[in-house]
Amino acid sequence: MIAYFVANIDSYSGAAQQALLLAKSLKMNILFFNYNNKGYKKYAYNKLIKVIDLPENRFIQLLIIFWFTLKYRIKIYHFHVFFITGLFCGKILQRKMILKTTLLGDDDFDTLSSKKYWKIKYFLLKSIYMNIVLSEKMKRINSKYIDFLKIKIIPNGVLVPNRCPLIDEKENIFCFVGIVCPRKRVYESIKYFIDNYSKNTSSKMYVIGPYNNIRHNGEFSDEYVNKCFEFVKSNKLENRIIFTNFMDKENVIKILTKSKALLFFSEREGMPNVVLEAMANNCVPIESEKNEVVREIFENGKHGFILDENFKKIKIEEIDELIKIRAPYILVNNKFNINIISLLYKRIYEV
């Protein structure tokens, strides 16, 4: 059995959801240690996947991880979040430890070195078997701290439908997907829609993602959410710019299938799953060059569009052309299909 370490698997955590998707694709026995500040709980997700919610107390976390590691004879720890308690257990029990670095400015090693307990973290880092990163930039940063031979680039993966949505299935729908917060620059996405596509009265925009009752997330801001709502109201577009709040994956995919473009101008990401999911459903990504990793996902003008801060208008005809030739779909199916990505991980686990 393999242990996965995640945070907030039961909420809007892209890293945790990517770990869950990978686990389902692998079809292996996997135990999730999930840190979510809700207290201890154990349950089965399906026949192969079990989840243990860890309490906040670090000593009790330690005891729980030790116990279940020995009970299930866990040999591999795969961290999808930097989790000191789990890394300490792995070092003491001499397990193979794989650490995934997901977000620039959050858990890359330069950023970790500026946070609390760096000496302890660095001591534990030296014991990992492999560091999985999502981009060349992350690899360059992390190789300053550990042997670059221990660092491997593996992109995120997504489920790709067997059939590509075609142009006649698309409507004049644009969307944003993610938590409504300043880092994601939702306001800029809304403004881009209003400035460039709202004059067509058949056009709509869906802002998909949570915007209230969000706990334990330092990025969330009620003031920012209100700013976005007021902006829509001031332009009298409440009926055509729709805030959905949290939405389950099935319904998100339904909207992506009908949408022509994803407007996603986030300041920084690891490798945004939503961009890959949009492209898997032949929805064209329009992104900002601020998110440097985007250039490692697709080529500007060939599979989607990467804008500088002037936010040049991309004409509907240009979007339609990429949809017609299925450019986003083909790229993701060939490079980011979760079935391809899971095979890469399986090879690492088997070594």
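Residues take numbers from 1 onward in each chain, read along the sequence in its written order. For this predicted model, a pLDDT threshold of at least 70 governs which residues receive local features, and a threshold of 80 or more governs which side-chain atom pairs are given and counted, while totals over whole chains, interfaces and linings are taken from all residues. Hydrogens are left out, water is left out, and the side-chain values use all remaining heavy atoms of the structure.

A. Summary view of unusual backbone geometry. Positioned with a positive phi, Arg73 is a non-glycine residue whose angle comes to about 55°. In this description a helix means any DSSP run of H or I spanning at least four residues, a strand means any run of E spanning at least two, and both kinds are numbered starting from the N terminus. Within the secondary structure, Arg73 is located in the loop between helix 2 (58-71) and strand 5 (76-79).

B. Region of interest: the packing of aromatic side chains. Within 6.5 Å between ring centres, the rings of Phe, Tyr and Trp (the latter by its six-membered ring) count as paired, and their orientation is classed by plane angle as stacked under 30 degrees, edge-to-face over 60, tilted in between. Under the defined criterion, the tally for this structure stands at 23 aromatic pairs. Note on Phe5 and Phe79: the rings are 4.4 Å apart at their centroids and 20° apart in plane angle, and the pair reads as stacked. Here Phe5, found in strand 1 (residues 2-7), pairs with Phe79, found in strand 5; they are 74 residues apart in sequence, far enough to count as distant. Only protein chains enter the area calculation, which uses a 1.4 Å probe; residues under 20% of their type maximum are buried, those over 50% are exposed, and those in between are partly exposed. Since its relative accessible area comes to 0%, Phe79 is described here as buried. Grouping aromatic residues by their ring pairs yields a cluster made of Phe5, Phe33, Tyr35, Tyr77, Phe79 and Phe83. Note on geometry: a ring has a charge over it if NZ (lysine) or CZ (arginine) is within 6 Å of the ring centre and within 35 degrees of the ring normal. Over the ring of Tyr43 we find Lys41; its NZ or CZ atom is 5.2 Å from the centre of that ring.

C. Examining the pairing of strand 6 (residues 96-100) more closely. By the criterion of burial, strand 6 is predominantly enclosed, with 5 of the 5 residues buried. Burial along strand 6 is two-sided: the face carrying Lys96, Ile98 and Lys100 and the face carrying Met97 and Leu99 are both buried. If DSSP finds at least two bridges between two strands, the strands pair. Summarising the sheet, strand 5 and strand 6 pair through 4 bridges and their orientation is parallel. Within strand 6, the residue paired with Ile76 across the bridge is Lys96. Summarising the sheet, strand 6 and strand 7 (residues 130-133) pair through 3 bridges and their orientation is parallel. Note that in strand 7 the partner of Lys100 across the bridge is Ile132.

Note that all results are geometric; they support no functional claim without further evidence.
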